[in-house]
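Residues per chain, in single letters:
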Amino acid sequence: MLTRVIFNQKGGVGKSSIAVNLAAMSAHQGLRTLLIDLDPQCNATQYIIGDAATDIHPAHITEPNIENFFSQTLQATSSPMPMMFAFPFGGMTGSRHQGLEHCIHTTRFDNLSLIPASPMLADILQPLESKHKIYKLKDGLNLLSQQFDRVYIDTPPAFNFFTLSALIAADRVIVPFDCDIFSKRALQTLVQNILETRQDHNSDLLIEGIIVNQFDPRANLPKEVVQTLVNEGYPVYDTKLSPSIIMKQSHHQSLPLIYLDAKHKLTQQYAALYQEIESR
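Visitor: Outline the overall build of the chain, listing residues and values.
Guide: Along its length, the chain carries eleven helices and seven strands. Residues classed as buried in the chain amount to 49% of the 280 residues present. Considering only contacts within the chain whose residues lie at least 6 apart along the sequence, 80% involve residues at least 24 apart.

Right, here's the structure in full:
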């Protein structure tokens, strides 16, 4: 199982779109693929499930989700008496905490599973940070290593508990990058955070590559910014993603590009990008 986290502290760079479409490409290629949404905005979840992902009713379509997993972790920690008895002691046995596998939802797309997000993630962020539960996601994913070939994790636009948990659990980091000077300035801080995570928590973590999104080859500034990244040694993928209205259509219909229009230019760019990523 290979786990990739899609991460950039800057918002609006297309993290969720890239995470969903790479996961969909992986599933379309026949790999057992899991998409995990760690962003309280739930964009990746809504992309896959549609408007039902935001409905609020007792039997919510996205439950159990990643918020339930982390909330159970907090409840186990706050238990007034640790469980110290073996199974013969009836009700006072074991932990009630359910593993990450209980949060997995099948989707209408073959080979693609989803662990949804919840807006409630924002409410448990501070308690999780104070309890230092940053290894729980990694531990949970380790137990799924025989069930999936690829895992893609969508993260919030911040360096917080959820992002750090993802980086600790991941093998590779993919950085979406839109072609403006603000993204360029933020990239150095982002890379530093990843390197510190590698040193402190996950020595196997690698920055796999930078995806240039919303790239217009007719404009000079994007080409200059990208060339600067290449000259500075950043691992920029050769395949670049163009701006296109079809992405909004893809969001609206809750259909990843490969299922919406396999022959579209942007879909073909994603297919080429996926192959480039897999070949590295």
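Visitor: With reference to specific residues and values, describe the nonpolar core.
Guide: Formed by 48 residues in total, the largest nonpolar core has its most connected members in Ile36, Leu38, Ile66, Phe70, Leu137, Leu141 and Ile153. Of all the elements, helix α6 (residues 161–169) adds the most residues to this core, at seven residues. Discounting residues that sit within four places of it in the chain, isoleucine 36 has contacts with Ile66, Ile115, Leu141, Val151, Tyr152, Ile153 and Asp154. Core analysis: the next-biggest nonpolar cluster, separate from the first, contains 31 residues, Phe109, Ile246, Leu255 and Tyr274 among them.

Visitor: Pulling in residues and values, what's your account of the layout of surface pockets?
Guide: Approximately 560 Å³ is the volume found for the largest pocket. Forming the boundary of the largest pocket are 27 residues, of which Gly14, Ser16, Ser17, Asn43 and His251 lie nearest the centre. Secondary structure elements with two or more residues in the lining of the largest pocket: α1 (15–28), α2 (43–49), α9 (246–253) and α11 (265–279). If one sorts the elements of the lining of the largest pocket by residue count, α9 sits on top with four residues. Looking at the lining of the largest pocket, its residues break down into seven nonpolar, 16 polar and four charged.

Visitor: Quick one: what's the story with helix α7 (residues 181–200), residue by residue and with numbers?
Guide: Look at α7: 30 Å from first C-alpha to last across 20 residues, which is about the 28 Å you get at 1.5 Å a residue. For α7, every residue scored as buried is listed here: Ser183, Lys184, Leu187, Leu190, Val191, Asn193, Ile194 and Thr197.

Visitor: Explain the pairing of strand β1 (residues 2–6) residue by residue, including any values.
Guide: Of all the five residues making up β1, five are buried; the element is thus mostly covered by neighbouring parts of the structure. Here β1 shows two buried faces, one formed by Leu2, Arg4 and Ile6 and the other by Thr3 and Val5. Relative to strand β5 (residues 150–154), β1 is paired through five bridges, and the arrangement is parallel. Pairing of leucine 2 across the sheet is with arginine 150, part of β5.

Visitor: Account for the pattern of salt bridges, naming residues and giving values.
Guide: In the structure shown here, the tally under the stated rule is eight salt bridges. Arginine 150 is paired through a salt bridge with glutamate 278; the nearest N and O atoms lie 2.9 Å apart. With arginine 150 in strand β5 and glutamate 278 in helix α11, the pair connects residues that are 128 residues apart, well separated along the chain. Residue arginine 150 is classed as buried on the basis of its relative accessible area, which comes to 17%. Here glutamate 278 falls in the partly exposed class, since its relative accessible area comes to 24%.

Thresholds applied
- Starting afresh in each chain, residues are numbered from 1 along the sequence in its written order.
- With the structure being a predicted model, the display of local features is reserved for residues of pLDDT at least 70 and the display and counting of side-chain atom pairs for 80 or more, all residues being used for whole-chain, interface and lining totals.
- Only hydrogens and water are set aside; all other atoms, that is, all heavy atoms of the structure, feed into the side-chain values.
- Under the scheme used here, helices are H or I runs from DSSP no shorter than 4 residues and strands are E runs no shorter than 2 residues, and both carry numbers assigned from the N terminus.
- Whether a residue is buried, partly exposed or exposed follows from its accessible area with a 1.4 Å probe, protein chains only, as a fraction of its type maximum: under 20%, in between, or over 50%, in that order.
- By definition, residues are in contact when any of their heavy atoms lie within 4.5 Å.
- Here, the term nonpolar core denotes a set of buried Ala, Val, Leu, Ile, Met, Phe, Trp, Tyr and Cys residues that are joined through side-chain atoms within 4.5 Å.
- Using a 1 Å grid laid over the protein atoms alone, points where a 1.4 Å probe fits but cannot get out form a cavity; open sets with protein on both sides within 12 Å along at least 5 of 7 lines form a pocket; any residue with an atom within 4 Å of a point counts as lining.
- Grid points are joined across faces, edges and corners, and a volume is the space filled by probe spheres set on the points.
- Basically, the charged four are Asp, Glu, Lys and Arg, the nonpolar ten are Ala, Val, Leu, Ile, Met, Phe, Trp, Tyr, Cys and Pro, and anything else, Gly included, counts as polar.
- Take the number of residues in a helix, subtract one, and multiply by 1.5 Å to get its expected span.
- Paired strands are those between which DSSP finds at least two bridges.
- Here a salt bridge means any side-chain nitrogen of Lys or Arg lying within 4 Å of a carboxyl oxygen belonging to Asp or Glu.

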